Amino acid sequence: MSSVLYDAQGPRAKQRNILYTVLFVLCAAAVVWWVYDGLAEKHQLDWIKWKPFFTSSQPWVTYIWPGLQNTLKAAFFALIIALPLGALFGVGRLSDHRWVRVPAGVVVEFFRAIPVLILMIIANAVYSEYTNINTDDRPLYAVVTGLVLYNASVLAEIVRAGIHTLPKGQGEAAKALGMRKGQTMVFVLLPQAVTAMLPAIVSQLVVIVKDTALGGAVMTFPELLASVRPMAANYGANTIACFTVIALIYLLVNFALTSFASWLERRLRRSKKEKGTAPGGAPETVGTPSLVVDDGRAV
């Protein structure tokens with residue numbers, strides 16, 4: 001069976017694919033064995049190095065939980081500040097006024113081009129030189145500032161791209177009803193673009209959670225990854241075990257975020273389908289493109 005985009009494999013192609021699969025599995029197994037043998041030879045897989053995480057609450061209470069709290073705190077503050085800023089600059093880049101569009105574009109392109117680590121370092125130096133923030137809180141402020149400046153610029157592009165994906169008929173219908181461009185943006189375009197932007201926004205949230213580790217590596221911010229060093233020193237140089245546990249925690253946190261985003265996206269799409277259905281259950285049809293406003297009615 002074949003199609004325009006795909007031709008059915010012949011006997012030789014099937015044999016080659018089977019051979020490639022077997023070779024890949026053998027190579028992967030060899031790599032896994034090499035890693036396992038190296039760790040076992042260095043005694044990194046001994047039970048004594050993994051035992052504290054399963055038999056005692058001390059490493060969780062003393063090191064992991066405080067680090068996870070700081071990571072989530074920095075990510076939360078960065079997100080709630082970066083989201084409205086990103087939406088503001090994204091809408092600003094779509095403005096008809098040059099004096100709004102050009103400065104917004106310069107700000108977005110400038111901060112998007114600078115590595116987030118450099119932004120954190122500069123923010124830390126500025127807070128140290130020109131503010132009275134104490135040394136204990138300064139790393140948190142610097143990490144949040146760097147994350148906000150970088151991710152707000154990225155989110156601005158996400159917002160701009162999400163609005164561009166909408167049919168032009170939505171804006172034209174709003175203009176035909178006499179709505180100003182600001183009203184069209186706030187009440188028509190942005191609410192519809194949220195569903196399209198949601199996966200990208202959550203992906204950026206995952207990036208924010210992981211980038212908090214940069215503050216721990218450079219500015220002694222006591223986040224989750226920074227807890228590995230004192231924890232490994234206290235439990236007999238079990239660095240591999242500590243990194244493995246921390247990696248699993250990052251994996252669970254990010255998986256929870258993406259799962260919640262997928263659920264929310266399905267719910268929003270289902271809600272939009274229900275709002276676009278007539279009272280008798282049949283879809284509403286009109287001769288011209290409909291304008292869906294925030295209360296779900298089609299005009």
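The coordinates are above.
The structure presented is a predicted model; accordingly, all values stated were derived computationally and were not measured.

Caption draft 1: Structural view of the pattern of salt bridges. Throughout the structure, instances matching the rule amount to 5 salt bridges. Among the ionic pairs, E109 bridges to R93, the shortest N-O distance being 3.1 Å. A residue pair is termed long-range when its members are at least 10 positions apart, and E109 in helix α4 (residues 98–113) and R93 in the loop between α3 (58–92) and α4 qualify at 16 residues. Residue R93 pairs with E157 through a salt bridge whose shortest N-O separation is 2.5 Å. With R93 in the loop between α3 and α4 and E157 in helix α6 (residues 138–164), the pair connects residues that are 64 residues apart, well separated along the chain. For E157, a relative accessible area of 13% gives the class buried.

Caption draft 2: Focus on the layout of surface pockets. Considered as a void within the structure, the second largest pocket measures approximately 440 Å³ in volume. What lines the second largest pocket is a set of 15 residues, among which I163, K168, G171, K181 and L189 lie closest to the centre. For the lining of the second largest pocket, the elements supplying multiple residues, two or more each, are α6, α7 (168–176) and α8 (181–218). For the lining of the second largest pocket, a count of residues per class yields 7 nonpolar, 3 polar and 5 charged.

Caption draft 3: Representation of the packing of helix α5 (residues 116–130) against α8 in the model. Close contact between α5 and α8 brings their axes to 10 Å; oriented N to C, the two are set at 50°. Looking at the two axes, α5 sits oblique to α8. The chirality of how α5 crosses α8 is right-handed. In this structure, α5 contributes V116, L117, M120 and I121 to the contact, and α8 contributes D211, L214, G215 and V218.

Caption draft 4: A look at unusual backbone geometry. For H43, which is not glycine, the phi torsion reads 65° and is therefore positive. Residue position: H43 is located in the loop between α1 (11–41) and α2 (47–55). Despite not being glycine, T220 has its phi angle at roughly 55°, a positive value. Its location among the elements puts T220 in the loop between α8 and α9 (228–234).

Analysis parameters
- Residues numbered from 1 in each chain as written.
- Predicted model: local features only at pLDDT ≥ 70, side-chain atom pairs only at ≥ 80, totals over all residues.
- Heavy atoms only, no water.
- Salt bridge = Lys/Arg side-chain N within 4 Å of Asp/Glu carboxyl O.
- Helix = DSSP H or I, 4+ residues; strand = E, 2+ residues; numbered from the N terminus.
- Buried < 20%, exposed > 50% of the residue type's maximum accessible area, 1.4 Å probe, protein only.
- 1 Å grid on protein atoms, 1.4 Å probe; cavity = no way out; pocket = protein on both sides within 12 Å on 5 of 7 lines; lining within 4 Å.
- Points joined across faces, edges and corners; volume = space filled by probe spheres on them.
- Nonpolar A, V, L, I, M, F, W, Y, C, P; charged D, E, K, R; others polar.
- Axes fitted to C-alpha atoms, helices over the stretch in contact; angles between N-to-C directions.
- Parallel < 35°, antiparallel > 145°, perpendicular 65-115°, else oblique.
- Left-handed = near helix turned anticlockwise from the far one by under 90°.
- Contact = heavy atoms within 4.5 Å.

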